[in-house]
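# Close look at the chain arrangement
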Amino acid sequence: MDQRVTGQWAGQEADRRRLVPRTDAVLRDPRLVDASARLGPGPVRDAVRRAQQRAREGAVAPEDVADTAVALLPRTAGGLRPVINATGVLLHTNLGRAPLSAAARQAVQEAAGPTDVELDLETGVRARRGRSALGALRDRVPSAGAAHVVNNGAAALVLAATALAAGREIVISRGEMVEIGDGFRLPDLLVSTGARLREVGTTNRTSTADYADAIGPQTAFVLKVHPSNFRITGFTRAAEVGELSGLGVPVVVDIGSGLLAPHPLLPGEPDADSQLRSGAALVTASGDKLLGGPQCGLLLGEEGLVRTLARHPLARALRVDKLTLAALEATLTGPDTPTAEALAADPAELTRRAARLAAALSDAGADVRAVPSAATVGGGGAPGVTLPSAALSLPEHYAARLRTGPVPVVGRLESGRCLLDLRSVPAGDDERLAAAVRSAAEG
């Protein structure tokens, strides 16, 4: 290369670097001053440095550094980014499972400051923690004598095993020794509490007689586990709770997905009220699945049994905070959750939404078409059940662009295309979804 050309380029580079405004000058922008008060100085300085680097590289003009820094600011001081779930998996574990309702979000915001979580305002004395949330939970499950809440579904089962079966036996079918996700296996979880497992039956068939033959002086309880993330079909047999309740020991049922009452679209999914009415002494479940609430573990059952669990020393380590209690109560007493709305979505309306979005985006230059789709419950709920849906079909390379865009959108890849399934996207997010696709189309 000609030395004069090389020198000229180096001079232009140096001139551009000299024009980049100083950090302290950029930080005096009123928008960044306000952001420092809201987010803290660290995230704001980081955004300014990134904007300055873009200016040094010639990606933005030096006079646009402040505007670029403002655009790069995070929405909150936390590291979690809100995304649009367009996977068609309603309870996507990697995306935080159930999205909270507007009522639950407002309840969390109100509970963020000092609250009466353990104080009776009328008498001025200490009160039972989370009493109104527990009351709301009992109201939703009339057959429960009492209720308790811990920090997740696995913790509910751990508390039951520790309080009732440490040093004793839990009788469980071999067909229900499940792995609950991310490498966590139910047998390992239960043995860690000090309980011993007495396995009965076979993978595909376990009768009431198998349980009866195994029960002895060391039996603490019989455990029924809903195999919520798989199905066994064909030559099968499983003892029902009603059959086991007459064997002389408590029956504990882990229903997993958190359905409190029967759901017409999910006839094969067990619910807490039905299991208790059938004779279960205790039911454990998750709050952030089909219930549509925050992450928590629910324990429902006989009053004396639940009281024993709530008073166990481990219960203190597993208790939930005031924000979870607030979100749970609002979920139980408030309007339909986003999960409930997604389950009940009309397939014909989903098809119309997909057609409208595809037409508008095609006019904007995107390679998109509306296609039929099949959504799932997810979160270990309703295995094998598919929900008719509709999706936007885009070229495969859109997936990465959408995930990394200003408003991250997570879809799924299928047959070399990126599908954005609308059953998991609230209708109110259609414009945000369309804007994200337009941005991805522009590269």
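An account of the accompanying structure is given in this report.

So, how was this worked out
Residues numbered from 1 in each chain as written. Predicted model: local features only at pLDDT ≥ 70, side-chain atom pairs only at ≥ 80, totals over all residues. Heavy atoms only, no water. Helix = DSSP H or I, 4+ residues; strand = E, 2+ residues; numbered from the N terminus. Buried < 20%, exposed > 50% of the residue type's maximum accessible area, 1.4 Å probe, protein only. Contact = heavy atoms within 4.5 Å. Areas by Shrake-Rupley, 256 points an atom, 1.4 Å probe, with all protein chains shown as cover. Lys, Arg positive; Asp, Glu negative; His and termini not counted. Charge placed at Lys NZ, Arg CZ, Asp CG, Glu CD. Expected span 1.5 Å × (residues − 1). Arc of directions from axis to C-beta. Pairing = 2+ DSSP bridges. Axes fitted to C-alpha atoms, helices over the stretch in contact; angles between N-to-C directions. Left-handed = near helix turned anticlockwise from the far one by under 90°. Core = buried A, V, L, I, M, F, W, Y, C linked by side-chain atoms within 4.5 Å. Salt bridge = Lys/Arg side-chain N within 4 Å of Asp/Glu carboxyl O. Parallel < 35°, antiparallel > 145°, perpendicular 65-115°, else oblique. Nonpolar A, V, L, I, M, F, W, Y, C, P; charged D, E, K, R; others polar. Polar contact = N/O pair within 3.5 Å; in protein donor to acceptor, adjacent residues only side chain to side chain.

## Things to note about the overall build of the protein
Scanning the protein from terminus to terminus reveals 19 helices and 18 strands. With respect to the three principal axes, the spread of C-alpha positions in the protein is 95 × 55 × 45 Å. The burial tally for the protein puts 45% of its 443 residues in the buried class. Intrachain contacts of the protein at a sequence separation of at least 6 include 73% that bridge at least 24 residues. Of the roughly 21,800 Å² of accessible surface on the protein, 51% is carried by carbon and sulfur atoms. Counting 50 positive and 49 negative side-chain charges, the protein places the averaged centre of each group 4 Å from the other.

## Comments concerning helix α4 (residues 41–56)
For α4, spanning 16 residues, the distance from its first C-alpha to its last is 22 Å, which sits close to the expected 22 Å at 1.5 Å a residue. Buried within α4 we find Val44, Ala47, Val48, Ala51, Gln52 and Ala55. Viewed end-on, α4 has its buried residues packed into an arc of 135°, placing them on one side of the element. Following α4 by one or two positions, Gly58 has its phi on the positive side, about 85°.

## Topic: unusual backbone geometry
In the Ramachandran plot, Arg97 falls in the positive-phi region, its phi being about 55° despite a non-glycine side chain. Within the secondary structure, Arg97 sits in the loop between β2 (89–91) and α6 (102–111). Phi is positive for Ser415, close to 55°, though the residue is something other than glycine. Summarising the element assignment, Ser415 is placed in the loop between β17 (412–414) and β18 (417–421).

## Section: the sheet that holds strand β12 (residues 282–286)
Spatial strand order, β3-β13-β12-β11-β9-β4-β7: 7 strands in an open sheet with mixed pairing. The sheet is open, and its two borders are formed by β3 (146–150) and β7 (196–200), each paired with just one other strand. Averaged over neighbouring strand pairs, the angle between their axes works out to 25° when direction is ignored. The sheet contact formed by β3 and strand β13 (residues 297–301) spans 5 bridges and is antiparallel.

## Some thoughts on the sheet that holds β2
Neighbouring strands of a sheet are bound in pairs by backbone hydrogen bonds; such pairs are parallel or else antiparallel. The strand order across the open sheet formed by 5 strands is β2-β14-β15-β18-β17, and the pairing between neighbours is mixed. One side of each edge strand has no neighbouring strand; the edge strands of this open sheet are β2 and β17. The average undirected angle you get between the axes of adjacent strands in this sheet is 45°. Strand direction decides the pairing type here: strand β14 (residues 369–378) and strand β15 (residues 381–395), joined by 9 bridges, are antiparallel. What sits directly across from Ser373, in β15, is Ser389. Sheet strands touched by helix α17 (residues 347–363): β14 and β15. Its angle to β15, the strand with the most contacts, is close to 20°.

## Structural notes on the environment of Gly175
Relative to the helices and strands, Gly175 resides in the loop between β4 (169–173) and β5 (179–181). Measuring from C-alpha to C-alpha, the distance between Gly175 and Val225 comes to 9.1 Å, with 50 residues separating the pair along the chain.

## Observations regarding the packing of α6 against helix α15 (residues 322–333)
Any two packed helices are characterised by how steeply their axes cross, that is the angle between the axes, and by the distance between the axes. α15 packs onto α6 with a crossing angle of 150° between their chain directions and a minimal axis gap of 8 Å. As for the relative orientation of α6 and α15, their crossing is right-handed in sense. Contacts between α6 and α15 involve Ala103, Ala104, Ala107, Val108 and Ala111 from the former and Lys322, Leu323, Ala326, Ala327, Ala330 and Thr331 from the latter.

## Looking at the nonpolar core
By size, the foremost hydrophobic cluster in this structure holds 34 residues, and its most contacted members are Leu137, Val149, Leu260, Leu298 and Leu300. In terms of residue count, the dominant contributor to this core is helix α7 (residues 131–140) (4 residues). With near-sequence residues (within four places) excluded, Leu260 lies in contact with Leu137, Arg140, Val141, Asp271, Ala272, Asp273, Leu291, Leu298, Leu300 and Leu332. Counting residues in hydrophobic clusters, the runner-up holds 31 residues, among them Leu186, Phe221, Leu282 and Leu299.

## Notes on the pattern of salt bridges
Following the criterion strictly, the structure yields 23 salt bridges and no others. Measuring nitrogen to oxygen at the nearest pair gives 3.0 Å for the salt bridge that ties Arg307 to Glu303. In this pair, Arg307 and Glu303 are both assigned in helix α13 (residues 303–311), 4 residues apart and thus about one turn of the helix distant. On the basis of relative accessible area, Glu303 is assigned to the partly exposed category, the value being 46%. For Asp429, the salt bridge goes to Arg432, with nearest N and O atoms at 3.2 Å. We classify Arg432 as partly exposed; its relative accessible area is 33%. Salt bridges sharing common partners tie together Glu118, Arg126, Arg129 and Arg319.

## Quick look at the packing of helix α3 (residues 30–39) against α4
It is at 7 Å that the axes of α3 and α4 come closest, and there the two elements cross at 140°. Judged on the interaxial angle alone, α4 and α3 are oblique. Contacts between α3 and α4 involve Leu32, Ala35, Ser36 and Leu39 from the former and Pro41, Pro43, Val44 and Val48 from the latter. Of the residues assigned to the contact of α3 with α4, the class counts are 7 nonpolar, 1 polar and no charged.

## Points about the side chain of Thr339
Within the secondary structure, Thr339 is located in helix α16 (residues 338–343). Overall, Thr339 belongs to the buried group, its relative accessible area being 3%. Once residues within four sequence positions are removed from consideration, Thr339 is found in contact with Leu91, Ala98, Pro99, Lys289, Leu290 and Gly292.

## Overview of the side chain of Asp421
You can see Asp421 is positioned in strand β18. The exposure class of Asp421 is buried, given its relative accessible area of 0%. A polar contact is formed between the side chain of Asp421 and the backbone nitrogen of Arg423, at a distance of 3.0 Å. In contact with Asp421, not counting residues within four places along its chain, are Ala86, Thr87, Gly88, Ser373, Ala374, Ala375, Ser389, Ala390, Ala391 and Arg412.

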